[in-house]
There are 2 protein chains.
Amino acid sequence: MTIFLSPDILETKTLSPEESFHCAKVLRMRQGEEVQIIDGKGTLFNAKIAVSNSKKTLVEIISAIENFEKRDYFLHIAIAPTKNIDRFEWFIEKAVEIGVDCITPLNCRFSERKVVKMERLEKIVVSAAKQSLKAFLPKINPITDFADFIVQTTENQRFIAHCYPTPKFPLFEICIPKKGALVMIGAEGDFSEQEIQTAENQGFKSVSLGAGRLRTETAGVVAVNTISILNR
Amino acid sequence: MTIFLSPDILETKTLSPEESFHCAKVLRMRQGEEVQIIDGKGTLFNAKIAVSNSKKTLVEIISAIENFEKRDYFLHIAIAPTKNIDRFEWFIEKAVEIGVDCITPLNCRFSERKVVKMERLEKIVVSAAKQSLKAFLPKINPITDFADFIVQTTENQRFIAHCYPTPKFPLFEICIPKKGALVMIGAEGDFSEQEIQTAENQGFKSVSLGAGRLRTETAGVVAVNTISILNR
């Protein structure tokens, strides 16, 4: 069934101009057709098109499920954007599908990309949330310098994944389920030794994501799935 | 360090014409430079360029590690190719990075793609194996009809992942580590009920890959990573 995102649907009963256009002109939906709507805050609505209009489509809400498939754990991934933006966009889509609450693009010492297009990334988050029926819309933060990011983190459990052969715990073993977690993933050139030291000084634990070398975006998806399995 | 694939390097001490061209003309490597070579059968060689030649580059082998990072479990993924071939190629790359032995593209009832370009997929496997230092080259089989595939499977443990609300086990719980496993993943429209029945009649166990709807290629990566974590 077609899914729309509308944060204020309960109050306005109206789709946004963008969603209305998509509904009326692209999908050519008509009065009476059933749709699903997510508000991005956890509620999944079943609704009917009341008035199909390319600027202001009106809906009639039939039913609502609050906290739809709410996960019982919080996950924040901070990750250096890849040089190839497609790869980073793949990661975002997969992270949303599997389960993530927050993504922060990180500007690290060896980052190969210093600029990301927020609007584009937000579109991908919305699209993936709709496609995978996530009623809670994950948040994507602006790209943040490592040094600034490190000191503003508040999660219970904070991990930094890297490839140096220093003492590390497997993420799956050390993360405690049902609690908030933040996992930081570096660029293709890894974090710098100084960044790792800084993180550990701030209370981050160094982790591995399994044997072998993973591309940045693969490491990101592995981290998201690892935490998902841990919290099964 | 630059990595080449050469199945017969120990006998010939020579890179293939393709790898030789890449070495001499693209990378412009010179005599004395160190390289790594995988033979696809588990051995990782350290070597030096002896003669840089665009058709027949000669190397001097310095050292070899057999069974380099050999995984202690066998994994075969049979998966319906996605309509969008980028997504399928993405899955193959990630599966190789994380750890897979064999991939079979499956032609199912609701498959959206009936034809795949083997040469292209093999290139992706080789590229991903080199990039992630996999000395064992995963095998990619030709696209196979579901009915034919089902009866020729030989793995110890065989699973079919689907979205129907029938009795299913979480893959992570039911798969026994350190043993061979086959996981089948259907198209966007899932397997047909008949395909699932056929599989179960053949001894396959129905599994889930977590809550929520995953795209085919995401399900593939989730399955590969789930088995990887299980076998940690």
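J.: Residue-level account of the pattern of salt bridges, with values.
T.: Scanning all chains against the criterion turns up 22 salt bridges over all chains. Two residues, Asp101(A) and Arg71(A), come together in a salt bridge whose shortest N-O distance is 3.0 Å. Of this pair, Asp101(A) sits in the loop between helix H3 (85-98) and strand S6 (102-107) while Arg71(A) sits in the loop between strand S4 (58-65) and strand S5 (75-79), and the two are 30 residues apart along the sequence. Note that Arg232(B) is salt-bridged to Glu173(A), the shortest N-O span being 2.6 Å. One end of the pair, Arg232(B), is in the segment after helix H8 (216-230); the other, Glu173(A), is in helix H6 (residues 171-174), on a second chain.

J.: I'd like a rundown of the packing of aromatic side chains, residues and numbers included.
T.: Two descriptors summarise a pair of aromatic rings, namely the distance from one centre to the other and the angle between the planes of the rings. Under the criterion given, the structure shown has six aromatic pairs over all chains. When the ring of Trp90(A) is compared with that of Trp90(B), the centres are 5.7 Å apart and the planes differ by 40°; the resulting orientation is tilted. Taken together, the positions of Trp90(A) in helix H3 and Trp90(B) in helix H3 (residues 85-98) put the pair across two chains. Classification of Trp90(B) as buried rests on a relative accessible area of 6%. Measuring from centroid to centroid gives 5.6 Å for Phe172(A) and Phe172(B), while their planes differ by 55°, and the two rings are tilted. You can see Phe172(A) sitting in helix H6 and its partner Phe172(B) sitting in helix H6 (residues 171-174), one on each of two chains. Neither residue differs from the other here; Phe172(A) and Phe172(B) are each classed as buried.

J.: Describe the packing of H3(A) against helix H8 (residues 216-230) of chain A, listing the residues and the values that go with them.
T.: The packing of two helices is summarised by the inter-axis angle and the distance between the axes. Residues and elements named next belong to chain A. One way to put it is that H3 packs onto H8 with a least axis distance of 9 Å and a crossing angle of 5°. It follows from the interaxial angle that H3 and H8 lie roughly parallel. Residue-level contacts link Arg87, Phe91, Lys94, Ala95 and Ile98 of H3 to Glu217, Gly220, Val221, Val224, Asn225 and Ser228 of H8. Here the residues of the contact of H3 with H8 sort into five nonpolar, three polar and three charged.

J.: Provide a residue-level description of the environment of Ala80(A), including the pertinent values.
T.: All names here are of chain A. With respect to the secondary-structure elements, Ala80 resides in the loop between S5 and H3. Taking C-alpha positions, Ala80 is 6.5 Å from Ile185, a pair spaced 105 residues apart along the chain. Ignoring sequence-local partners within four residues, the contact set of Ala80 consists of Phe88, Leu106, Cys108, Ser111, Ile185, Gly186, Ala187 and Thr216.

J.: Please give an account of the interface of chain A and chain B that cites residues and values.
T.: Chain A puts 24 residues into the contact, and the matching count from chain B is 26 residues. Remark: the boundary between chain A and chain B carries eight salt bridges. For the pair chain A and chain B, the number of links is 14 residue pairs in polar contact (both at pLDDT 80 or more). For the side of chain A that touches chain B, the elements supplying multiple residues, two or more each, are H3, H6 and H8 of chain A. Broken down by element, the side of chain A that touches chain B gets its largest block of residues, seven residues, from H8(A). Class assignment of the residues belonging to the side of chain A that touches chain B gives a composition of eight nonpolar, six polar and ten charged.

J.: Can you lay out helix H4 (residues 118-131) of chain B for me, pointing to particular residues and giving the numbers?
T.: Residue and element names in this part refer to chain B. In a regular helix each residue adds 1.5 Å, so 14 residues correspond to 20 Å; H4 covers 20 Å between its end C-alpha atoms and thus fits that length. Considered for burial, the residues of H4 that qualify are Leu121, Ile124, Val125, Ala128, Ala129 and Lys130. Taken together, the buried residues of H4 touch strand S1 (3-5), helix H2 (17-26), strand S2 (34-38), H3 and strand S7 (139-140). Leu133 sits one or two residues past H4 and shows a positive phi near 55°.

J.: Explain the relation of the copies chain A and chain B residue by residue, including any values.
T.: Screw-axis analysis of chain A against chain B gives a translation of 0.0 Å along the axis, an RMSD of 0.0 Å, and a rotation angle of 180°. On this basis, the relationship between the two copies can be described by a two-fold rotation axis. An overlap of 100% is found between the interface residues of chain A and their copies at the interface of chain B, pointing to a shared contact surface.

J.: Break down helix H7 (residues 193-201) of chain A for me, citing the residues and quoting the values.
T.: All names here are of chain A. When H7 is considered as a whole, its buried residues turn out to be Glu195, Ile196 and Ala199. Within H7, the buried residues cover an arc of 100° as seen down the axis, which keeps them to one side. Exposed and facing more than 90 degrees away from the buried side of H7 are Glu193, Gln194 and Asn201. Contact partners of the buried residues in H7: helix H5 (146-152), strand S9 (157-161), strand S11 (181-185) and strand S12 (205-208). At the exit of H7 stands Gly203, carrying a positive phi of roughly 100°.

Analysis parameters
Residues numbered from 1 in each chain as written. Chains lettered and ligands numbered in written order. Predicted model: local features only at pLDDT ≥ 70, side-chain atom pairs only at ≥ 80, totals over all residues. Heavy atoms only, no water. Salt bridge = Lys/Arg side-chain N within 4 Å of Asp/Glu carboxyl O. Helix = DSSP H or I, 4+ residues; strand = E, 2+ residues; numbered from the N terminus. Phe/Tyr/Trp six-rings, centres within 6.5 Å; stacked < 30°, edge-to-face > 60°. Buried < 20%, exposed > 50% of the residue type's maximum accessible area, 1.4 Å probe, protein only. Axes fitted to C-alpha atoms, helices over the stretch in contact; angles between N-to-C directions. Parallel < 35°, antiparallel > 145°, perpendicular 65-115°, else oblique. Contact = heavy atoms within 4.5 Å. Nonpolar A, V, L, I, M, F, W, Y, C, P; charged D, E, K, R; others polar. Polar contact = N/O pair within 3.5 Å; in protein donor to acceptor, adjacent residues only side chain to side chain. Expected span 1.5 Å × (residues − 1). Least-squares fit on C-alpha atoms with pLDDT ≥ 70 in both. Arc of directions from axis to C-beta.

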